[in-house]
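# Chain and residue survey
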Amino acid sequence: MAVRRFGVSLEEEILGMLDSYVSTNQFPNRSQAVRHLIEQHTVDKKWMCNNEVAGAIVLVYDHHKNDITKIANEIQHHYHNLILSSQHIHLDHDLCLETIAVKGLANELTNLSDKLIALKGVKHGKLVMTRA
Ligand code: NI
């Protein structure tokens, strides 16, 4: 894709924020950082636009709590068309870490992830989405 240049005017303070963002995240230059920020913003917007995205749901839960393993399994079967793969790791005696790779319409992925994260026994839950 062709790259076009354009001028940007920023207050000193905002430019300073951009530069510290560039160095903290080790972007090679400001353009790369701005590109990343715009893409990220677009992905967030896609959540509303309801386009096709890919991502991962990460769950940490206590498998002793209220049939959570069974219920989480049933939910995943219900949404099987969205799930590419899943990985279950037994973190310790109580906790499980489950990583579920997903692809589909953003609002469907959000529905699936909301249902899983809301289960009793889930300690941490997060859905990460990116352009498919
Ligand atoms: Ni486990």
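The model shown is predicted, which means the values in this text are computed figures rather than measured ones.

With that settled, consider the pattern of salt bridges. The full count for this structure, using the stated rule, is two salt bridges. One salt bridge connects Arg 30 with Asp 19, and the closest N-O pair in it is separated by 2.7 Å. Of this pair, Arg 30 sits in helix H2 (residues 30-49) while Asp 19 sits in helix H1 (residues 12-24), placing them 11 residues apart in sequence. One salt bridge connects Glu 74 with Lys 70, and the closest N-O pair in it is separated by 4.0 Å. Of this pair, Glu 74 and Lys 70 both sit in helix H3 (residues 68-78), four residues apart, which is roughly one turn of that helix. Look at Lys 70 and you get exposed, because its relative accessible area is 51%.

The next point concerns a nonpolar patch on the surface. Taken together, Phe 6, Val 8, Leu 10, Ile 14 and Met 17 make up a surface patch of nonpolar side chains, about 520 Å² in accessible area. Tracing the sequence through the fold places Leu 10 in the segment before H1.

With respect to topology, four strands assemble into an open sheet ordered S2-S3-S1-S4, the strand pairing being antiparallel. Looking at which strands have only one partner, the edges of the open sheet turn out to be strand S2 (83-90) and strand S4 (122-131). The average undirected angle you get between the axes of adjacent strands in this sheet is 10°. Against the sheet, H3 contacts strand S1 (52-62), S2, strand S3 (95-105) and S4, and its axis sits at roughly 170° relative to S1. Relative to S4, helix H4 (residues 106-117) is tilted by about 170°, and along the sheet it contacts S1, S2, S3 and S4.

Each assigned domain of the protein chain is listed with its residue range as follows: domain 1 (12-48) and domain 2 (52-131). In total, domain 1 and domain 2 occlude about 540 Å² of area from one another, counting both sides; carbon and sulfur atoms represent 65% of this. Put simply, domain 1 and domain 2 have zero salt bridges between them. For the interface between domain 1 and domain 2, the tally reads zero residue pairs in polar contact (both at pLDDT 80 or more). Of the residues belonging to the side of domain 1 that touches domain 2, the class tally is two nonpolar, no polar and two charged.

Attention now moves to H3. Since there are 3.6 residues in each turn of an α-helix, residues three or four apart along the chain are aligned in direction. Looking only at H3, the buried set comprises Ile 68, Ala 72, Ile 75 and Gln 76. Buried residues of H3, seen end-on, are gathered within an arc of 100° and therefore sit on one face of the element. Turned more than 90 degrees away from the buried face of H3 sit Lys 70, His 77 and His 78, all of them exposed. Tucked inside the fold, the buried residues of H3 contact S1, S2, S3, H4 and S4.

Below, the discussion takes up the coordination of the nickel ion. Within the first shell, the nickel ion binds the protein through His 88 (NE2), His 90 (ND1) and Cys 96 (SG), at distances of 2.0 to 2.4 Å. We note that the donor set of the nickel ion lies within a single chain, spaced as H-x1-H-x5-C.

About the criteria used
- Residue numbers run consecutively from 1 along every chain, following the written order of its sequence.
- The model is predicted, so local features are restricted to residues of pLDDT at least 70 and side-chain atom pairs to those at 80 or more, both for listing and for counting; the totals for chains, interfaces and linings are taken over all residues.
- The side-chain figures draw on all heavy atoms in the structure; neither hydrogens nor water molecules are used.
- Salt bridge criterion: a side-chain nitrogen from Lys or Arg within 4 Å of a carboxyl oxygen from Asp or Glu.
- Helix and strand assignments follow DSSP, with helices taken as H or I runs no shorter than four residues and strands as E runs no shorter than two, numbered in order from the N terminus.
- For every residue, the accessible area (1.4 Å probe, protein chains only) is compared with the maximum for its type, and the residue is labelled buried under 20%, exposed over 50%, or partly exposed between those bounds.
- Like charges are joined within 9 Å and nonpolar side chains (Val, Leu, Ile, Met, Phe, Trp, Tyr) within 5 Å, but only among residues with over 30% relative accessible area and no salt bridge; these make up the patches.
- Computed with a 1.4 Å probe, the accessible areas rest on the Shrake-Rupley method; for each residue, only the protein chains presented here act as cover.
- If DSSP finds at least two bridges between two strands, the strands pair.
- Note on geometry: axes are C-alpha line fits, over the in-contact stretch for helices, and angles between N-to-C directions span 0 to 180 degrees.
- A contact between two residues is defined here by any heavy atoms of the two lying within 4.5 Å.
- What marks off one domain from the next here is an automatic or database domain assignment.
- Buried area: the accessible surface (1.4 Å probe) lost by two parts on joining, summed over both.
- For the purposes of these results, a polar contact is taken to be a pair of N or O atoms within 3.5 Å, where, inside protein, one atom must be able to donate a hydrogen and its partner to accept one; residues adjacent in sequence count only when each atom of the pair is a side-chain atom.
- Residues are grouped as follows: Ala, Val, Leu, Ile, Met, Phe, Trp, Tyr, Cys and Pro are nonpolar; Asp, Glu, Lys and Arg are charged; all remaining types, including Gly, are polar.
- Directions drawn from the helix axis to the C-beta atoms are what define this arc.
- With water omitted from the atoms examined, metal sites may look incomplete; donors here are N, O and S atoms no farther than 2.8 Å from the metal, or 3.2 Å in the case of Na, K and Ca.

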